[in-house]
Amino acid sequence: MSEQGNTSDKVVTRAWWVLILTTLVVGGVGFFLIVVLGNQIEVEDPIVENFTPTDLFVQPDAEWNTSVLVAKSPETREIRKLTWFVFAIAGGIFLVVEGLLLYAIFRYRRTKKQRLEETGEPVQLYGSNPVEIAWTIIPIIIVLVLCLATIRTIQTVQPTKNDRPENALTVEVIGHRWWWEFRYPELDVVTANEMYIPVDRPIWLEIGSADVIHSFWVPELQGKMDAIPAHTNYWKLTAEKVGTYLGQCAEYCGNQHANMLIRVVVLDESGFDGWAKEQARPADNITSEQVDLGRKVFLKYACQSCHAVAGVSEGTYAPDLTHLMSRKTFAGGMIPNTPDNLKAWIDDPAQIKPGSDMPALKLTPQEIEQVVAYLVTLK
Amino acid sequence: MTVLPKPTSGALNISPPGILERVHEWVTTVDHKKLGMLYIFSGLFFFLIGGIEAGVIRWQLASAANDVAGPVTYNQMFTMHGTTMVFLVGMPVLLGFGNYLVPLMIGTRDMAFPRLNAWGFWVFLFGGLLLYFSFIGSAGLFGTAGAPDVGWFAYSPLTSRTFNRGNNVDYWILGILVSGFGSMATGINLVVTILCLRCKGMTLMRMPIMVWSMLVTGFLVMIALPVLTAAQVMLLFDRFLGAHFFNPQLDGSALLWQHLFWFFGHPEVYILIIPAFGFISEIVPVFSRKVIFGYTMMVIALVWIAFQSMSVWAHHMFAVGLPPSLNAFFAASTFLIAIPTGIKVFNWLGTIWGGRLIFHTPMLYAMGFIAMFVIGGLTGIMLATVPFDWDVSDSYFVVGHFHYVLFGGTMFAVFAAVFYWFPKMTGKMLSERLGKWQFWILLIGMNLTFGPMHISGILGMPRRIYTYAPDRGLEIWNLLSSIGYLVQFVAIVLFAYNLISSLRNGRKAGDDPWNAWTLEWATTSPPKDWNFNPLPAVKSRRPLWDAKHPEDPDYDYE
């Protein structure tokens, strides 16, 4: 038999109020801490860089750190502040709700005594308006705060078409199956898979695709932005430190989606100017008979119909090879750019990258030697 | 009028039905209970297949630069895993429970359209089989035979003829399209049944929450599925009739598919979780020995979620370059949906608060559901903050997130439901001992699998990559996920063994083994063909409580 009296109702309701007040207090303190912490990040710059809990996750022998908690640009710094804020709120709610659940599970387990004595049913509580209103309004407040913080960060980070900074360097990013093309319209430079940019200068990205949807993602420098055919997305980043940053395609684009890497090489201003100058001049330069034979092979077979070499061929389907040897990797950033790897690649691309659009042209070993001899002069 | 001789027990030669008779009975049945069980059984069968596909995925990713599956097989595996789990496991199992339980819970004899019901099931089953036939039947002209490999959301223009020359995408379209018709039929059937066939006294606000969740799900199916079907027909036009809805080269739009797909896809997520809310809302009160806390708010929250779920689709598209104002709108809308969801969680907590909790297996799973669903819900809120979503969308963080919702959430609720209603369906109890082992192994296994995925996502691992380099620091987290898969596999084997052995020699259940309160427990286990004779009449939300406590009935308080 159950007692459904008002008194017991009140007792339970009071317990709820205590818990809700605790939640508010814990949440308030957490909120306060985050605001203070958030300001500290702004004042003492290197906190995010030098100490992030994500370091705990990274294996000590890992060469690359592509964590989305590391910030190496003003844009990511802005995003990380929001990230930590949201982590804190979600973590707080997690602790409160799972704590309440565990508490209730242990507190209200049926005891052995209750089981043996077959005591009747517990108090039937049909609901409580103040409590239900409270746990509707508190989430609304939390959600409102989150929403405002989100909108503020969107406004700060996401550019629209007209937001290009005056001093920005424009890079057209074009996704291909399965490699990246980078065009610098102001510098008359075209390259693949490795994007060179100057430090501390805003980079204006115009992202598109030549075939299916890809996504440009270099976690330490900026969030991801999709590369969509017949549609340009505008994106902006500023690298703060010289170095190389790893990224990769983040939208499934078919067979070799996994091998579509991006390396962003950040150089100081003079270094970048030197690189751009080198890239803008033609590199085709016959130094020996072997190289000459190699160029003939390159022109005789289908190579030249897809690959461009400034002054020699004009294909646009595949990566521009004008300065092939200035790049550290090839095949979508998959393997190191060495003469031996080039030979193996030309012999049969599918052995290295199954599904690749580059066909095996069935060159003789001699022809492969010759064409690679030519390619390694393209510095 | 001829007078037939009165048969004596010995005179008629009634042998037990042979295998053919029994198969015939199941194939031709229009009984909602049999069809419900067929739905659930086929769903669990596909669950095994989808689970094996997940095994190939985890095997391939267990170490860096691994080579056991290769890109082609791997891409087929994640596509089939996702498609199977959403369309051939989630929907049929949940709608199957709806099919079985709704007529019993509202005190009627069958669904409103029994033959449509049977049609729906067979269409779903053959749609699923058609999809799987692609493994052997999709030989294309260009050596591209095999299962679909475009991901379960099949973004255009990857699905165009240019980039997919075999027939595997056509199998994906037709298989899902056909089984989608089955789901729509069931959705309509559920809505009509619930609105028209409730027993005497069963007003809308006296229906069990489970029935409410099925009503809402039915509406969502009716609204969301046709959009997918239309988009798939458009895609077929593109592929066969030279249309160019999704062909950007000819002024089609690559993004149109995403809008259409996610306008279906997000309500679909709620189609997969709202019935789970229904199961939990039935199981938690019974094993807490308390009435559901805040019934009215629970119903309001369900309907609120359903409406809201239709205005959040573009949160799957924060990285496609929508204007900032649209990003802000969809973020706000997504945040807002957290409120009714929070209300539900709090009301479950309110129900167990002050109860007398009995931890039979269904209750264990229900508690596991709440604990895991909260994690998935919170990472969902994190994903709604657009800038953070730019960081982790399409990464393993998202994979971890939705597995906490759909595995820790939906599948835990399904296990709870199987353990709770198996006695009603078969008259036998499942083994509690095996069930509890299974629960703890599964809980550990799922956290071991899907927990580290959040970390590998944060470390920058995109989803759907078949390989990753050893210098990225991703190995340990992927290895943990793969070990977790094996742990879960043990739990699933235990479950299968439990089902088979309990079906053969499980303890007799009796009509009302859990001392529960809703109408399905008022009839026999398993129920007779016509469910109730005579049809019941109710006065409150818990008719069996009223019967068991005549001195203190519910209707005094509602």
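Because the structure is a prediction, the values reported are computed rather than measured.

It is worth spelling out the overall build of chain B at this point. The secondary structure content of chain B amounts to 15 helices and zero strands. Relative to the compact-globule value of 24 Å for 558 residues, chain B shows a C-alpha radius of gyration of 24 Å, a close match. The buried share among the 558 residues of chain B stands at 61%. A sequence separation of at least 24 residues applies to 81% of the contacts in chain B between residues at least 6 apart.

Let's shift gears to the overall build of chain A. Helix and strand counts for chain A stand at 11 helices and 14 strands. The long-range share in chain A, meaning contacts at least 24 apart out of those at least 6 apart in sequence, stands at 68%.

Contact with chain A, which involves 82 residues of that partner, is made by 82 residues of chain B. Elements with a contribution of two residues or more to the side of chain A that touches chain B: α3 (74-107), α5 (129-157) and β7 (222-227) of chain A. A per-element tally of the side of chain A that touches chain B places α5 of chain A first, with 14 residues. In the side of chain A that touches chain B, the residues fall into 45 nonpolar, 27 polar and 10 charged.

Right, let's get into the sheet that holds strand β4 (residues 194-198) of chain A. Residue and element names in this part refer to chain A. An order of β4-β10-β9 is seen for the three strands of this open sheet, with the pairing classed as mixed. Bordering the open sheet on either side are β4 and β9 (243-248), each of which pairs with just one other strand. Mean inter-strand twist for the sheet, computed between neighbouring axes without regard to direction, equals 25 degrees. Pairing analysis gives six bridges linking β9 to strand β10 (residues 261-267), with the strands arranged antiparallel. When the bridges of β10 are listed, Thr244 appears paired with Val265. Against the sheet, helix α6 (residues 269-280) touches β4 and β10, its axis set at about 130 degrees to β4.

Our next topic: the pairing of β7 of chain A. The buried fraction of β7 of chain A is high, at six of six residues. Once strand β6 (residues 214-218) of chain A ends, the chain turns through three residues before running back antiparallel as β7 of chain A.

What follows is about the confidence of the model for chain A. Residues and elements named next belong to chain A. Here chain A shows a mean pLDDT of 85. Residues at 70 or above account for 85%. The low-confidence segment residues 1-7, where pLDDT is below 50, has 15 contacts with residues more than four positions distant or belonging to other chains. In the model, residues 39-49 has pLDDT below 50 throughout and makes eight contacts with residues more than four positions away in sequence or in other chains.

Residues and elements named next belong to chain A. A sheet is described by the order of its strands in space; here five strands give the open sequence β3-β2-β1-β5-β8, paired in mixed fashion. Unpaired on one side and paired on the other, β3 (189-192) and β8 (233-237) mark the two borders of the sheet. Each neighbouring strand pair of the sheet contributes to a mean axis angle of 25 degrees, computed without reference to strand direction. In terms of strand pairing, strand β2 (residues 179-184) meets β3 through four bridges, oriented antiparallel. By the bridge assignment, Phe182 is partnered in β3 with Thr191.

With 32 residues, helix α6 (residues 209-240) of chain B extends 45 Å from end C-alpha to end C-alpha; this agrees with the ideal 46 Å at 1.5 Å per step. One or two residues past the end of α6 of chain B sits Gly242 of chain B, with phi positive at roughly 70 degrees.

This brings us to the pairing of β8 of chain A. Residues and elements named next belong to chain A. Most of β8 sits inside the fold, with four of its five residues counted as buried. For strand β5 (residues 203-209) and β8, the ladder comprises five bridges, and the chain directions are antiparallel. Paired with Ile207 across the two strands is Asn233, which belongs to β8.

We now examine the nonpolar core. In this structure, Val211, Ile280, Ile283, Ala366, Phe369 and Ala416 of chain B are the most contacted members of the largest nonpolar core, which totals 272 residues. Among the elements that line this core, the one with the most residues is helix α7 (residues 254-288) of chain B, at 22 residues.

Residue and element names in this part refer to chain B. Look at helix α10 (residues 361-384) against helix α12 (residues 396-426): their axes get within 8 Å of each other, and the N-to-C directions meet at 160 degrees. By the angle class used here, α10 and α12 are roughly antiparallel. In the crossing of α10 with α12, the sense of the turn from one axis to the other is left-handed. Taken together, the residues that form the contact of α10 with α12 break down as 17 nonpolar, eight polar and no charged.

All names here are of chain B. Positionally, Met91 belongs in helix α3 (residues 70-105). Separated by 333 residues in sequence, Met91 and Lys424 have C-alpha atoms that sit 21 Å apart. The residues touching Met91, leaving out its near neighbours within four places in the chain, are Ser183 and Ile271.

Right, let's get into the packing of α7 of chain B against α10 of chain B. Residues and elements named next belong to chain B. Contact geometry of α7 with α10 gives a least axis separation of 9 Å together with a crossing angle of 120 degrees. Relative to α10, the element α7 is oriented oblique. Between α7 and α10 lies a crossing whose hand is left-handed. From α7, Ile280, Ile283, Val284 and Phe287 reach across to α10, where they touch Pro362, Met363, Ala366 and Phe369. Tallied by class, the residues present in the contact of α7 with α10 amount to eight nonpolar, no polar and no charged.

Once that is clear, we can look at helix α7 (residues 289-300) of chain A. All names here are of chain A. With 12 residues, α7 should reach 16 Å at 1.5 Å per residue; the first-to-last C-alpha distance of 16 Å fits that figure. For α7, the complete set of buried residues consists of Gly294, Arg295, Val297 and Phe298. Across the axial projection of α7, the buried residues extend over an arc of 155 degrees, all falling on one side. Those residues of α7 that are exposed and angled more than 90 degrees off the buried face are Glu289 and Lys300. For α7, the elements touching its buried residues are α8 (303-306) and α11 (365-375).

What follows is about the environment of Arg198 of chain B. Among the structural elements, Arg198 of chain B can be located in the loop between α5 (168-196) and α6. Here Arg198 of chain B falls in the buried class, since 20 other C-beta atoms lie within 10 Å of it.

With that settled, consider unusual backbone geometry. Generally, phi is negative for residues other than glycine and the peptide bonds are trans, each holding for most cases. In this structure, Trp178 of chain A follows Arg177 of chain A across a cis peptide bond, with omega equal to -5 degrees. Within the secondary structure layout, Trp178 of chain A lies in the loop between β1 (169-176) and β2. Following Asn533 of chain B, the chain continues to Pro534 of chain B via a peptide bond in cis, the omega torsion being 0 degrees. Locating Pro534 of chain B in the fold gives a position in the loop between α14 (475-505) and α15 (543-548). Although it is not a glycine, Asp188 of chain A sits at a positive phi angle of roughly 60 degrees. Locating Asp188 of chain A in the fold gives a position in the loop between β2 and β3. Within the chain, Asp200 of chain A stands out as a residue other than glycine whose phi angle is a positive 60 degrees. Relative to the helices and strands, Asp200 of chain A is located in the loop between β4 and β5.

Interpretation of this model should avoid reading the predicted coordinates in detail wherever pLDDT is low. Averaged over every residue, the pLDDT of chain B is 92; the share at 70 or more is 96%. Here the prediction assigns the complex a pTM of 0.91, and the interface score ipTM is 0.91.

Next up on the list: the environment of Gly128 of chain B. For Gly128 of chain B, the position within the fold is in helix α4 (residues 114-137). In this structure, Gly128 of chain B is in contact with Phe46, Leu88, Gly175 and Ser179 of chain B, ignoring residues within four places of it in sequence.

Each value, and the rule that gives it
Starting afresh in each chain, residues are numbered from 1 along the sequence in its written order. Each chain gets a letter, beginning with A, and each ligand a number, beginning with 1, in the order they are written. Residue-level local features of this predicted model are given only where pLDDT is at least 70; pairs of side-chain atoms are given and counted only at 80 or more, and the full residue set underlies all totals for whole chains, interfaces and linings. For helices the rule is a DSSP run of H or I covering at least 4 residues; for strands it is a run of E covering at least 2, with both sets numbered from the N terminus onward. C-alpha atoms define the radius of gyration in this analysis, and the globule rule sets the expected value at 2.2 Å times the number of residues to the power 0.38. Put plainly, a residue is buried at 20 or more neighbouring C-beta atoms within 10 Å of its own, exposed at 12 or fewer, and partly exposed in between, counting only other residues' C-beta atoms, which are placed from the backbone. Contact between two residues is assigned when their C-beta atoms, built from the backbone, lie within 7 Å. Ten residues, namely Ala, Val, Leu, Ile, Met, Phe, Trp, Tyr, Cys and Pro, are considered nonpolar, four, namely Asp, Glu, Lys and Arg, are considered charged, and the remaining ones, Gly among them, are considered polar. The criterion for strand pairing is that DSSP finds at least two bridges linking the strands in question. Whenever a helix is involved, its axis is fitted only over the stretch in contact; in every case the axis is a line through C-alpha atoms, and angles between N-to-C directions fall within 0 to 180 degrees. As a per-residue quantity, pLDDT reports the predictor's confidence and falls between 0 and 100. For a helix, the expected span equals 1.5 Å multiplied by the residue count minus one. By convention in this section, buried Ala, Val, Leu, Ile, Met, Phe, Trp, Tyr and Cys residues joined through C-beta atoms within 7 Å make up a nonpolar core. Between 65 and 115 degrees an angle is taken as roughly perpendicular, under 35 as roughly parallel, over 145 as roughly antiparallel, and anywhere else as oblique. Handedness of a crossing is defined here by the sense of rotation of the near helix relative to the far one, left-handed for an anticlockwise turn of less than a right angle and right-handed for a clockwise turn. Think of the arc as the fan of directions from the helix axis to the C-beta atoms.

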